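Secondary and tertiary structure notes
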Amino acid sequence: MSNRKINMKEKYRLLTRDLDWEYSYRDYKEIFPQEEFEGIKITDWSKWEDPFRLTMDAYWKYQAEKEKKLYAILDAFAQNNGQQNVTDARYVNAIKLFLTGISPGEHQAAMGFGHVGRQLGGVGARVACQMQAIDELRHVQTQIHAMSHYNKFFDGFQDFSHMHDRVWYLSVPKSFFDDARTAGPFEYMVAIGFSFEYVLTNLLFVPFMSGAAYNGDMATVTFGFSAQSDEARHMTLGLEIIKFLLEQHPDNVPIVQRWINKWFWRGTRMLALVAMMMDYMLPNKVMSWQEAWEVYFEEAGGSLFKDLARYGIEMPAYAKTAIAEKEHISHQAWSIFYNYGHAAAFHTWMPTEKEMDWLSEKYPNTFDKYYRPRFEKWREMEAAGERFYNPTLPMLCQTCQIPMGFTDMEDPTSTFYRQSEYDGERYNFCSDGCKDIFDHEPEKYVQAWLPVHQIYQGNCGGPSMEDVLGNYYKINLGVDNMDFHGSPDEERWNMWHNLESAENKLKRAS
Amino acid sequence: MSIEIKTATLEPIRHTFEHTKRRFGDKPASRYQEASYDIAPEQNFHYRPFWQPDKELFDKSRTAVVMEDWNVHKDPRQYYYGTYVQARAKLQEVTESNYAFFEKRGSADRMSEAVRAKIIRCLVPLRHAELGANMNNMFAFSYGTATVVNQGFLYNAMDRLGIAQYLSRIGLLLDGNSTESLTLAKEYWMTDPAWQGLRRYIENVLCVKDWFEVFIAQDVVLDTLLYDIIYRQFDEAITEQGGSDLAMLIEFMQEWHKDSSRWVDATLKTTVEESDHNRTTIKRWVDDWREKAVADLAPLAEIAVGDTAMAASLDVLNQRLAKVGL
Ligand SMILES: [Fe+2]
Ligand SMILES: [Fe+2]
Ligand SMILES: [Zn+2]
């Protein structure tokens, strides 16, 4: 028998598409009951272009090699107590935020891609989503393993999963993923596959992973490098889903545009946490949030949307607002967390003089004018032994769930505030973007589990802050929370480093 | 001396995460434990799914079986992503060299036309059944509640896609890449009376709404019968007919089935033993699907092996079920 050569594309088709068949004992709609209710029109699944061609044998082999290398480094990191090599113990708070806020999102993404990986009618799309599902499971698990060693030496990592379900600021990422997961399969794909993984991913992962690289965090940076090729696959899938939906039917265009508007805004709001992490929590700065935003959204996103214009897709609504906010958002978010530093599961602090100067330089239009005076006042209060904590409970935006504290970009000294009425009740919003999202689907957003409302309703362990923070959130009071200065984290860090210098002295002496 | 100081002062402040500590005690936990137990969200869900507004995300009522705590399950293989892909990478390495050897040796040409035709008729169409198994396991993954249970379904789903791809490659090895075998196999799958029962069974399972019932219908009942008929009995029959080299091509499926069965048995056992309610519910599903499977698979068993094949594999299934008292 002489063997014919089959090209890669044809072979991949035979190994995926060709496995499918036309059902005749049961109806297509019984097997894929979720394909129509969103109003998306699919005329021909065979037009789906495979974003990557990876058969399972190659997947196992390739991923196993990556895992082997990753775990070898994590083992070495633990053995050598690599946690001592980070720039400064304040840094570790950035990865506490990551493990409690982002890693559970990876888990949600795994479930979501698994769900669409079953529910989409096209086998090519299903298989691509399934591979992303298992990749996302990889991410949550490897992140837990990368942080596992930090958890043994720092406070605030220890109950990440319990906290994610309950703590007030973690409801920002949690509600984001819940929102996407409860949407139909196509909206999920536009929300997570495209808006998140394609448009905004570089503003989430690059800051954390580069932050790790700049701050001596071998464990996180190794995870980041290892996940890079997974993310490259995810981005191609995100782009394909958009092109596919837009090419399938012109009626899909306005639906997709609305989803892009919504998920761009929702994503941007969630990124406020990343913005403050970059500008305030990294002892060694990578670049400012504003710079990252300009490179990864304004330039990269700008050319992407230019590209999509031929389908009739426009820049997301409120992109202008988001662009105006780039000079403010990190300072405002950090102020909120500094205010509520007693209610967070990580430490907050005021920037040093040198760090303030860096902020002035990076934010010449805003920092000295709006934020420095406030921060200097807080620093003085701290020096006088009266570290400022805000004892009240904040009002939350009904959509993004961030405390209402962002200001009007026309007048950066006054808080932006919108309201809607639905079914006789009033709801509050931090922005026009959040109000629009609510107004389009009020019956969805009235369901939000708003942490502050829940506290008032007595659903969070009791009436006192101790009940809520200690018993319900399981924050170790006086240990995980409050200012970094005076924290057990800081104390241990100083102890290790004095010890190390004593050791060095010994070494030099001998 | 410095070493002494170091161990004394770099004493960890805790051994593991709180969720593993609550479950397994205050001691270092394994990577399997830290990454598998209690990491799925459990409460305070924000919105109800548009696609199923009567339930929450991670709603436990998506199956009729009830566990006080789904996190009491354990995969005896202790697979988390890293251990899973590494185990499969090993198996695929062996498979790759088997397939290369089969090709180098010219094994396809050494088989008689009749043997090749029989493999194309009785084995290669399973590539479609495996895609169905992939979808069914993906379904269970996406509707289960505890990661320690769910991840097993995700691994199983990806395995089934891999097996469907190996089966397709078997076709291509037998037809010298002309793809005729795959076309033929699909025709059998769509129209051959011997295959219609299995296709009907799979399409029926694709419509089941209870994810644990899907597990019973697919991974417990169907896979036990089908893997016994094809990968044990048909393998023996084809060897007798001079097709012993087929063994090289299906070693993956045989090894995989052994591996996967450890997880299937453990998942079944823990759930059945939880309560009489679970036992009765699962018993009902087993009876139901077993009856259908025997009727649906008998024609295939007959042409693949002979008229005693169905009864023999039914014995295997019944013995397996008896171990968990079903
Ligand atoms: Fe991820
Ligand atoms: Fe991703
Ligand atoms: Zn908002």
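The structure contained in this document is the topic of the report that follows. Please read all numbers here as calculations on a predicted model, not as lab measurements.

1. Observations concerning the overall build of chain B
Broken down by element type, chain B carries 14 helices and 0 strands. Taken from the N to the C terminus, the helices and strands of chain B come in the order α-α-α-α-α-α-α-α-α-α-α-α-α-α. Taking the principal axes of the C-alpha coordinates as reference, chain B spans close to 75 × 55 × 40 Å. By residue count, 62% of the 326 residues in chain B fall in the buried class. In chain B, 77% of the contacts between residues at least 6 apart in sequence involve partners at least 24 apart. Total accessible area computed for chain B in this model is approximately 11,800 Å², and 51% of it derives from carbon and sulfur atoms.

2. Brief notes about the coordination of the zinc ion (ligand 3)
All names here are of chain A. Distances from the zinc ion (ligand 3) to its protein donors, Cys397 (SG), Cys400 (SG), Cys430 (SG) and Cys434 (SG), fall at 2.3 Å. Angles of 105 to 115° at the metal separate the 4 donor atoms of the zinc ion (ligand 3), which places the site in the tetrahedral class. Within one chain, the residues serving as donors to the zinc ion (ligand 3) are arranged as C-x2-C-x29-C-x3-C. Here Cys397, found in the loop between helix 16 (367-383) and strand 1 (407-408), pairs with Cys430, found in the loop between strand 4 (425-429) and helix 17 (432-440); they are 33 residues apart in sequence, far enough to count as distant. Overall, the relative accessible area of 1% leaves Cys430 in the buried class.

3. Overview of the coordination of the iron ion (ligand 2)
All names here are of chain A. The coordination sphere of the iron ion (ligand 2), as far as protein atoms go, consists of Glu136 (OE), Glu197 (OE), Glu197 (OE), Glu231 (OE) and His234 (ND1), spread over 2.3 to 2.6 Å. A distance of 3.3 Å spans the gap from the iron ion (ligand 2) to the iron ion (ligand 1), which Glu136 bridges by coordinating each metal. Highlighted residues: Glu197 in helix 8 (residues 185-214) and Glu231 in helix 9 (residues 218-248), separated in sequence by 34 residues. The exposure classification of Glu197 matches that of Glu231, with both residues buried.

4. Some remarks on the layout of surface pockets
With a probe scaled to a water molecule rolled over the atoms, the places where space remains empty come into view. Residues and elements named next belong to chain A. In this structure, the largest pocket spans a volume of roughly 490 Å³. Every residue lining the largest pocket is counted, 23 residues in all, and those nearest its centre are Asp20, Tyr28, Trp45, Gly121 and Gly122. Class assignment of the residues belonging to the lining of the largest pocket gives a composition of 9 nonpolar, 5 polar and 9 charged.

5. Some details on the pairing of strand 3 (residues 418-422) of chain A
Residue and element names in this part refer to chain A. One ladder, built from 5 bridges, connects strand 3 with strand 4; its direction is antiparallel. Paired with Arg418 across the strands is Phe429, a residue of strand 4. Connecting the antiparallel pair strand 3 and strand 4 is a turn made up of 2 residues, with Asp423 showing a positive phi of about 55°.

6. Section: the pattern of salt bridges
The full count for this structure, using the stated rule, is 66 salt bridges over all chains. Of the charged contacts in the structure, one is a salt bridge between B:Arg14 and A:Asp155, with a shortest N-O distance of 2.8 Å. Of this pair, B:Arg14 sits in the loop between helix 1 (2-9) and helix 2 (18-24) while A:Asp155 sits in the loop between helix 5 (123-151) and helix 6 (160-164), each in a different chain. For A:Asp155, a relative accessible area of 4% translates into the label buried. Residues A:Arg372 and A:Asp357 are paired through a salt bridge, measuring 2.8 Å at the closest nitrogen-oxygen approach. Taken as a pair, A:Arg372 in helix 16 and A:Asp357 in helix 15 (residues 353-362) lie far apart in primary sequence, 15 residues in all. One salt-bridge network, held together by shared partners, links A:Lys66, A:Glu67, A:Asp135, A:Arg138, A:Asp230 and A:Arg233.

7. Details of the nonpolar core
Residue and element names in this part refer to chain B. One finds Leu123, Leu198 and Met253 to be the most contacted residues of the largest nonpolar core, which totals 283 residues. Of all the elements, helix 11 (residues 211-240) adds the most residues to this core, at 17 residues. The residues contacting Met253, other than those within four sequence positions of it, are Tyr99, Ile163, Tyr166, Leu167, Ile170, Tyr227 and Tyr231.

8. Points about empty space enclosed by the protein
Residues and elements named next belong to chain A. Enumeration over the complete set of coordinates arrives at 11 cavities of 30 Å³ or more. If you add up the space inside the largest cavity, you get close to 90 Å³. For the largest cavity, the lining is made up of 14 residues, of which Trp168, Ala343, Leu393, Pro394 and Met465 are closest to its centre. Every element with two or more residues in the lining of the largest cavity is listed here: helix 19 (451-456) and helix 20 (465-472). In the lining of the largest cavity, the residues fall into 11 nonpolar, 3 polar and no charged.

9. A few points about the interface of chain B and chain A
Taken together, the contact between chain B and chain A spans 95 residues of the former and 104 residues of the latter. Here chain B and chain A share an interface that buries about 8,900 Å² over both sides, 61% of which is from carbon and sulfur atoms. The largest contributions to the chain B side of the interface with chain A come from B:His46, B:Tyr47 and B:Tyr81, which together make up 11% of the buried area. Our count for the contact surface shared by chain B and chain A stands at 6 salt bridges. Here A:Asp75 ties to B:Arg31 by a salt bridge, and the two come within 3.0 Å at their closest N and O atoms. Seen at the junction of chain B and chain A, the total is 55 residue pairs in polar contact (both at pLDDT 80 or more). Elements that contribute at least two residues to the side of chain B that touches chain A include exactly helix 1, helix 2, helix 3 (31-36), helix 4 (81-104), helix 7 (126-143), helix 8 (147-174), helix 9 (180-191) and helix 10 (193-205) of chain B. Take the side of chain B that touches chain A: its biggest share by element is 16 residues, from helix 8 of chain B.

Reading guide: rules and limits
- Residues numbered from 1 in each chain as written.
- Chains lettered and ligands numbered in written order.
- Predicted model: local features only at pLDDT ≥ 70, side-chain atom pairs only at ≥ 80, totals over all residues.
- Heavy atoms only, no water.
- Helix = DSSP H or I, 4+ residues; strand = E, 2+ residues; numbered from the N terminus.
- Buried < 20%, exposed > 50% of the residue type's maximum accessible area, 1.4 Å probe, protein only.
- Contact = heavy atoms within 4.5 Å.
- Areas by Shrake-Rupley, 256 points an atom, 1.4 Å probe, with all protein chains shown as cover.
- Donors = N, O, S within 2.8 Å, 3.2 Å for Na, K, Ca; no water.
- Tetrahedral: all angles 85-135°; square planar, octahedral: opposite > 155°, others 65-115°.
- 1 Å grid on protein atoms, 1.4 Å probe; cavity = no way out; pocket = protein on both sides within 12 Å on 5 of 7 lines; lining within 4 Å.
- Points joined across faces, edges and corners; volume = space filled by probe spheres on them.
- Nonpolar A, V, L, I, M, F, W, Y, C, P; charged D, E, K, R; others polar.
- Pairing = 2+ DSSP bridges.
- Salt bridge = Lys/Arg side-chain N within 4 Å of Asp/Glu carboxyl O.
- Core = buried A, V, L, I, M, F, W, Y, C linked by side-chain atoms within 4.5 Å.
- Buried area = accessible area lost by both parts, 1.4 Å probe.
- Polar contact = N/O pair within 3.5 Å; in protein donor to acceptor, adjacent residues only side chain to side chain.

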